[in-house]
Each structure stands twice: as structure tokens, then as C-alpha cells.
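Tertiary structure, described
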Amino acid sequence: MSNPKEPAKFYTDSGIEVERCYPPVSGIEKEQPGVFPFTRGVHPDMYRSKLWTMRQYAGFSTAEESNKRYHYLLNNGTTGLSVAFDLPTQMGYDSDHDLSEGEVGKSGVAIDTLRDMEILFDGIKLENISTSMTINSTASILLGMYIALARKQGADIKKISGTIQNDILKEYAARGTYIYPPTQSMRIITDIFEYCSKEVPKWNTISISGYHIREAGSTAVQELAFTLANGREYCRAALKKGLDINVFAKRLSFFFNAHNNLFEEVAKFRAARRMWAKITKDLGATDAQAQMLRFHTQTAGSTLTAQQPYNNIIRVTIQALSAVMGGTQSLHTNGFDEALALPTEDAARLALRTQQVIAYESGVPNTVDPLAGSYFIETLTNQVEKAAWEYLDKIEKMGGAVKAIEKSYIQNEIASSAFEYQDKIEKEEKVIIGLNKFVIEEKMPENLLRVDDSIRQFQIDKLKKVKTERDNEKANACLKLLEEHAKNDTNLMPAIVDACENYVSLGEISDTLRKVFGTYKG
């Protein structure tokens, strides 16, 4: 007689076992949205009073081409802009630098000087739009250009709003677009905190990013833990500088990934709010606004497949639902063709329509925290939180996130998880539809959006023209002042803004700081 078959076991992507059925969870009836610890949302009414910002991420080729895409998105109902920059811009190189060859305008828009920024936002009043900029090592410079442009438009810079990513720690851990050593990078970040709290009070000075940690291969638990560890490190650096946590913490925001495992993602978002409330309270925050975790979400680029790309529409929809049911403040949905190329206009519009259908047709936003009280979701939220705290405790014993990065602990944990995930896909233990199951013969889609290499020369010519027409005496004086400020403890932001206003290039500013700070060799 054969033995009875062992019951199948199921796990989340973080390795948490999923039970057949869940018993009631006690204590959940006490938690309400809009109050500490904010598990159920940062606002009492959430989307009943205001929908999340539909912030489509866009930027490619030249400022001229990206400006056309922004107007297209705004005309189709996007409610916030999100700028993607090319790799040279992210790394502090002008388009004419030798290392920029082959990369200008490819992964985002090329920005060399204020002139490019003027073109990028032509016809768009900065006082009337919220703009997010995915930029880290050169965040201070792009913010400087944005402020300079706002002044040129006659805007009150105390009213302009938006976010710079400005999260350098995750660059050392997961992404690699760092320039300066960690200590100097942290100094720039806290200079931005200090400057914006006085001059641009509505600006979110950092978007502490789990997104790229997850894209590098982490689990949901690791994404949560490493992101909050970085956030705690930034808070401590600001406190060390003498800043008030009840002021600067209100301008901190987070950026998370929405992956495929629907319920684990919702649990992750809920746990994130609860954990951050406790972290900030422990650091001395007494103002509820300073204890709230506000976050932007982007659907997972790493889950998109080049095979059967229309399947990505379904993936993005599930991921977007997790973000909305998890209480996100803004959302970007990826184009279905992004595993093949930059999204076409049709793909970008469909991605935006996905959010709009959820917002206006699904009924999901009509109640706050719709999955609250689910025995599964409440248990999973607790389990994700517990596992994340275990990571945070390990990092704390190492001396914090910077020390953990310097010891390669975070990098190794991410790499190990990435290997395990890919190994499961290759062994078909993890099913990816169209990739390792239900595979078909197919042709490469037509009409993909490609960026021509000729645009580099276009950018170089524009940069030369700017340098010829600007007041070079003023430009050189700005760089000299910036160098002096970098050598002492003077806040760098006023000198950077002045340099941007005088059409000093991004590369010139970055090189001045490289000369003083040096570069980091990972």
C-alpha cells in the first residue's frame, strides 16, 4: 500500500510559508488609518478624498523629444511628471565626455546645462506640476537646475513641489551610479536637507529607494529591511548635523517596487508604514507628520518579459493593484514593451490607462485598506515585519547601513537572493508564463522605439553653443566658489544653484567636486 502523498507546500517570494487557511488575528481592530503606526494608511480617508498621483516615468533622447512625451502624457491625464535621466547625466558626465559615447539619451534624457532643462519643461509651469527626478549622485545639480528654471519662470520656489531620489546608499549596495566616497556623498545629502527646509520647503529631499534593491534581485523582505536601514542612516546623519527630525522627516519619501506576489506586496507596504513609524519615534520624532512613511511605487521592470510581451499588461495590472491596495501615494506603471525597448506612446498610454481603470472603474479606492482584517494579510504583514526587523537588527550590530555596505553584507545578501530566484526559474520551480511555461514561437514586435546615436553630436553642439554664449567669467567664478565651499563645511547648495543659473554644465560642477572629494572605487 502506497504512502499518502505529502500535501503541497507554498511559499511567498521571500520564503515565508503560506498556510492552507489562517485563524483570526487579534488586536487588528485597534489600528485605524491616519494614526500611529499608520499600518492602514497615512490619511484617514486615503483615496476617498484624493487619488494617488499618476506619475508616469519618462525621459529619453534629447530634452526636445522628452518634452513632447511629457505634453503627450499630461494631455492623456497623468497628474505628475517623473524624469528619467541618461547614464552620463547620472554619473556626472557631459555629453561630450569620452565615457558618454554610446550612452547619450539611451536610458533617459540627456541634461548638460540649464538650457536643456529649459527645453525639457518648455510650456510646463513648474509651480503647477509636481515633478519627481530619479537622480542620485548628481541630485544636487539637477535640483539646482530645477530651482534656477523655476526662478526664470517667475515661480515662488517656496511653492514648487516634487522629489529627488537622492538615495546614494542604495547606489553603493545595488545599482552603481555613485561618484564620491560615502562620507562626502552623505554630506551633500544633508546639505540638501538643510537648504530645502529653508528655501524649498515643499520639496521632498530624498526618495529612499527599495525599487533598485528589488530590481537587483532582493526579496520583498530584504527590499523593506535594507530600505528602512538606509532611511534610518539618513535620519541619523541629519540629526548629527543638528537638523530637527520633526522638520526634515516630513520631507522624506520612499520608493518601493511592486512585484508579482500580490499579497506579499500588500503586506510589505503595510509593514513598511508600521516599521518606519516606530523607527522615527525612536529617533525622537514627536510630530505625526514626521512619523509617516509616504511612498511612490513603480511596477517591477525585472518581471517584464521580452517573450509574449502582452503578458506584461497583466503583470503590471496585478502589481499596480498591490500598490493601490497597499496605500501608495503615487504610482508609475511600466509599458508592456519595456523588456524590448523604451516604451512607445501607445504602450505609455496603455500603462497610464491601467491606473485610470483601477482608479475610476474597479471600486478598489472606495474604501481604506480594503484587505485589512483578512487573516492571511494581517498574519503576513506581521511575518514580513518580523523578518525585516531581524535584518535591521543585524545591520544595527554592524554599526548601521554604511558599515553594512562597506562590509558588502547587503550586496552579498541581494546577490544570493538573485541567484536563488534565477536558479528556480531555470529549474522551472518558479513559473514565468511565456518564458519557461506555455512557450510559443513568436516574431519580434515591430515599431519599437530606438534612440539614434546621432543625438550625441546634437547634444555636443548645443553644449558648445551654451559655453560660447554664457558669461564665462561668471561661470569660472561660480566654480571657484563651489570648490571653496566643498573644502570647508559651507552648505554646497547655494553655490550649485548659482552655478546652474550661470549655465555651468553638470560635468563642470561634478568635476569640481571630484577634485575635492575624490571618487569611490567599489
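The structure contained in this document is the topic of the report that follows. It should be emphasised that the depicted structure is a prediction, and the values quoted were computed from it without experimental measurement. (Residues numbered from 1 in each chain as written. Predicted model: local features only at pLDDT ≥ 70, side-chain atom pairs only at ≥ 80, totals over all residues. Heavy atoms only, no water.)

1. Focus on the overall build of the protein
Note the threshold: What counts as a helix is a DSSP run of H or I of at least four residues, what counts as a strand is a run of E of at least two, and both are numbered from the N terminus. In this treatment the radius of gyration is a C-alpha quantity, and the globule benchmark scales as 2.2 Å times the residue count to the 0.38 power. Whether two residues are in contact is decided by their heavy atoms: any pair within 4.5 Å suffices. Using a 1.4 Å probe, accessible areas were evaluated by the Shrake-Rupley method; residue-level cover was limited to the displayed protein chains. By the counting scheme adopted, Arg and Lys are positive, Glu and Asp are negative, and His together with the chain ends is not counted. For the purpose of locating charges, the reference atoms are NZ of Lys, CZ of Arg, CG of Asp and CD of Glu.
Secondary structure summary: the protein contains 20 helices and eleven strands in total. Computed over C-alpha atoms, the radius of gyration of the protein comes to 23 Å, within 12% of the 24 Å expected from 2.2 N^0.38 for 522 residues, which places it in the range of a compact globule. Dimensions along the principal axes, computed over C-alpha positions, put the protein at roughly 90 × 55 × 45 Å. Partitioning the contacts of the protein with sequence separation of at least 6, the portion at a separation of at least 24 is 79%. For the protein, the computed accessible surface area is about 22,200 Å², with 50% contributed by carbon and sulfur atoms. Distance between charge centres in the protein, computed from 62 positive and 68 negative side chains, equals 4 Å.

2. Some details on the packing of helix H12 (residues 311–325) against helix H13 (residues 345–360)
The following threshold applies: Angles here are taken between N-to-C directions and fall from 0 to 180 degrees, while the axes themselves are lines fitted to C-alpha atoms, restricted in helices to the stretch in contact. Comment on the angle field: the value is read as roughly parallel under 35 degrees, roughly antiparallel over 145, roughly perpendicular from 65 to 115, and oblique elsewhere. Left-handed is the label given to a crossing in which the near helix is rotated counterclockwise from the far helix by less than a right angle, and right-handed is the label when the rotation is clockwise. For this scheme, ten residues count as nonpolar: Ala, Val, Leu, Ile, Met, Phe, Trp, Tyr, Cys and Pro. Four count as charged, namely Asp, Glu, Lys and Arg, and the remainder, Gly too, count as polar.
Viewed as axis vectors pointing N to C, H12 and H13 meet at an angle of 45 degrees, and their least axial separation amounts to 10 Å. The orientation of H12 with respect to H13, classified from their angle, is oblique. Along this stretch, H12 crosses H13, giving a crossing that reads as right-handed. Here Ile313, Thr317, Ala320, Leu321 and Val324 of H12 lie close against H13, whose contacting residues are Leu350, Thr354 and Ile358. Class assignment for the residues of the contact of H12 with H13 results in six nonpolar, two polar and no charged.

3. With respect to the nonpolar core
Just so we agree on the cut-off: Take the buried residues of types Ala, Val, Leu, Ile, Met, Phe, Trp, Tyr and Cys, join any two whose side-chain atoms come within 4.5 Å, and each joined set is a nonpolar core. Exposure categories follow from relative accessible area, calculated using a 1.4 Å probe and restricted to protein chains: below 20% of the type maximum is buried, above 50% is exposed, and the middle band is partly exposed.
Leu224, Phe226, Leu228, Tyr234 and Ile410 are the most contacted members of the largest nonpolar core, which totals 73 residues. With nine residues, helix H8 (residues 220–240) is the single largest residue contributor to this core. Not counting residues up to four positions away in its chain, the partners in contact with Leu228 are Phe254, Ala272, Met275, Trp276, Ile279, Leu293 and Leu392. Counting residues in hydrophobic clusters, the runner-up holds 62 residues, among them Tyr72, Ile179, Cys196 and Ala495.

4. Focus: unusual backbone geometry
Between Phe36 and the following residue, Pro37, the backbone shows a cis peptide bond with an omega angle of 5 degrees. Along the chain, Pro37 turns up in the loop between strand S2 (17–18) and strand S3 (53–58). Located in the positive-phi region is Asp369, a residue other than glycine, with phi close to 50 degrees. Looking at where Asp369 falls in the secondary structure, it is placed in the loop between H13 and helix H14 (375–398).

5. Observations regarding helix H10 (residues 262–282)
We apply this condition: For a helix, the expected span equals 1.5 Å multiplied by the residue count minus one.
In this model, H10 (21 residues) spans 31 Å end to end at C-alpha, consistent with the 30 Å of a helix rising 1.5 Å per residue. The buried fraction of H10 is high, at 16 of 21 residues.

6. Examining the pairing of strand S10 (residues 295–299)
As a reminder, the rule being used: Should DSSP find at least two bridges between two strands, the strands are regarded as paired. Handedness rule for crossovers: strands pointing away from the viewer, path from the first strand over the helix to the second running clockwise, crossover right-handed.
Burial analysis of S10 places five of its five residues in the buried class, the great majority of the element. Of the two faces of S10, both are covered, the one formed by Phe295, Thr297 and Thr299 as well as the one formed by His296 and Gln298. Two elements, strand S9 (residues 252–258) and S10, share five bridges in a ladder whose sense is parallel. Residue Asn257 lies in a different strand from S10, and its bridge partner there is Gln298. Pairing between S10 and strand S11 (residues 330–332): three bridges, direction parallel. For His296, the partnering residue across the bridge sits in S11 and is Ser330. Viewed along the sheet, the connection from S10 through H12 into S11 turns out right-handed.

7. Describing the environment of Lys474
Within the element layout of this structure, Lys474 appears in helix H18 (residues 472–487). The exposure class assigned to Lys474 is partly exposed, which follows from its relative accessible area of 47%. Residues Lys474 and Thr297, spaced 177 residues apart in sequence, show a C-alpha to C-alpha distance of 41 Å.

8. Some words on the environment of Asn334
Filter applied, for reference: Polar contact criterion, stated in full: a pair of N or O atoms within 3.5 Å, where within protein one must be able to donate a hydrogen and the other to accept it, and residues adjacent in sequence count only if both atoms are side-chain atoms.
Tracing the chain through its elements places Asn334 in the loop between S11 and H13. When the C-alpha atoms of Asn334 and Leu350 are compared, they prove to be 9.3 Å apart, with 16 residues separating the residues in sequence. Among all residues touching Asn334, those that are not within four sequence positions of it are Tyr211, Gln298, Thr299, Ala300, Gly301, Leu304, Val316 and Ala351. Here the side chain of Asn334 touches Gln298 through a polar contact of 3.0 Å, side chain to side chain. In this structure the side chain of Asn334 is engaged in a polar contact, spanning 3.0 Å, whose partner is the side chain of His332.

9. Observations concerning the side chain of Thr227
Turning to its location among the elements, Thr227 is positioned in helix H8. Taking the relative accessible area as the measure of exposure, Thr227 reaches 0% and is therefore buried. Not counting chain neighbours up to four residues away, the residues in contact with Thr227 comprise Ile208, Ser209, Gly210, Ile213, Gln222, Phe254 and Phe256.

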